[in-house]
Amino acid sequence: MLAAFVVVTHGQSSIAWFSGAALIAIFVLLLIGGWYARHRTPARPGPRTLATAVVSATAPRSHTLSRRKVIQAVAILVALLFSKNVYSASLGSYYTFYLIDKFHLPVEMAQFYLFAFLAGIVAGTLAGGAVGDRVGRIPVMWFSILGALPFALLLPHANLFWTGILAVLIAMIMASAFSAILVYAQELLPGRVGLAAGMFYGFSFGLGGLGAAALGKLADLTSITTVYRVCPFLLFLGLLTAFLPRQAGASR
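If you're wondering where the values come from, they're calculated on a predicted model, not measured in any experiment. Each chain has its residues counted from 1, running along the sequence as written. For this predicted model, a pLDDT threshold of at least 70 governs which residues receive local features, and a threshold of 80 or more governs which side-chain atom pairs are given and counted, while totals over whole chains, interfaces and linings are taken from all residues. Side-chain numbers here rest on the full set of heavy atoms in the structure, without hydrogens or water.

1. What about the packing of aromatic side chains?
Note the threshold: Aromatic rings from Phe, Tyr and Trp, with only the six-membered ring used for Trp, were paired whenever their centres fell within 6.5 Å, and each pair was classed as stacked if the ring planes differed by under 30 degrees, edge-to-face if by over 60, and tilted otherwise. Counting from the N terminus, the helices are DSSP H or I runs at least four residues long and the strands are E runs at least two residues long. Buried means the residue's accessible area, taken with a 1.4 Å probe over protein chains only, is under 20% of the maximum for its type, while exposed means over 50%, and partly exposed covers the values in between.
As enumerated under the stated definition, the model contains 5 aromatic pairs in all. Each ring, one from Y95 and one from F117, has its centre 6.1 Å from the other, and the planes form 50 degrees; the classification is tilted. Here F117 lies in helix α5 (residues 107–135) and Y95 lies in helix α4 (residues 67–103), a separation of 22 residues in the sequence. What makes Y95 buried here is its relative accessible area of 1%. The class of F117 is buried, set by a relative accessible area of 2%. Taking the centre distance of 5.3 Å and the plane angle of 85 degrees together, the rings of F161 and W162 count as edge-to-face. Its relative accessible area of 48% is what places W162 among the partly exposed residues. Through a chain of ring-to-ring contacts, the aromatic side chains of Y98, F103 and Y228 assemble into a single cluster.

2. What to know about the nonpolar core
Across soluble globular proteins, nonpolar side chains show a tendency to be buried alongside one another. Rules: As used in this record, nonpolar core signifies buried Ala, Val, Leu, Ile, Met, Phe, Trp, Tyr and Cys residues forming a set joined through side-chain atoms within 4.5 Å. Contacts are residue-level and defined by heavy atoms, with any inter-residue pair within 4.5 Å sufficient.
Formed by 58 residues in total, the largest nonpolar core has its most connected members in L77, Y87, F200 and L244. Where this core is concerned, the elements lending two or more residues are α4, α5, α6 (137–146), α7 (149–154), α8 (160–188), α9 (193–221) and α10 (224–230). For this core, the element with the highest residue contribution is α4, accounting for 16 residues. Here L244 is in contact with A73, I76, L77, L80, I138, M141 and Y184, once residues within four sequence places are set aside.

3. Some details on the pattern of salt bridges
To be explicit about the condition: Salt bridges are defined by distance alone: a side-chain nitrogen of Lys or Arg within 4 Å of a carboxyl oxygen of Asp or Glu.
Inspection of every chain in the model, using the stated rule, returns 2 salt bridges. The partner of D133 in a salt bridge is R137, and the shortest N-O contact between them spans 3.1 Å. Of the residues examined, R137 reaches a relative accessible area of 10% and is grouped as buried. Residues participating in the shared-partner salt-bridge network are D133, R137 and E187.

Structure, rendered in C-alpha cells:
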C-alpha cells in the first residue's frame, strides 16, 4: 500500500522516508531488550512447586525416533519449505509484473493486488497455527501445500477477477504450512527450540531468495507467464509429507 501511494507517486528516493520508522523500531527494541535484561529472574534450583510442575508438563518431551528418522524428517521438511517458498517467491516477487504484462494494469492497481496477496499470507499463517493445534501438524501440511495445487494450476488461465481471488486463496493455504512445519521441527528436536526455529527461518528466507533469482532467469529466457505455468508442479513435493513420522513430540 505504501508503495502504491508513496513510492510510485514520488519515485524511488521516497523509500528513504521510511528509514525513520526503522530507526524508531530499533530504538524501541533496544528499550525492550534493556527492560527484559533488568527484570529477568535467573532460574535457581529449589524445591518442586506447582509452578515448576506446570513448566515440566509443558516443556518439550523427548521422542522415540532414531537419529536416522529425525534426519530424514528434517530433510523432508526442508523439501516442503523449498516447494512452498519458491512458489511464494514467484508471486511475491513477480506478481505485479505478471498483472502488468498480462492484464495491462497500471502499477498502482497492481500494488493493490500484491497487498491482497500479502494479507492472505498473514491470515494463512495465523490460521495454520490455530488449526494445527486442533487437528495436528501433518494434516495442515497436507492441506497447505497440496490444497493450493488446483488453484495454482488454474491461475495462469484465469481472468483478472479470478486471478486476484486465486492468488489470495493460494497465499492463505500455502502460508498455513509454515507454522505447522516450524512446530513439527521443534517437536522433532526437543529442547532445541532455538536451533529449530533459527534453522527453518533461515531456510525459509534463503530458499525464497534463491527461488526468486532462478525464476527471474526463467522469466528472462521465456516469459513471466511461463513462470506461473511451471511453478505449480513444485507443489507435488508436498507428497513427501507421507513419509513424515507421526510420533514427533505431540504425536500428530
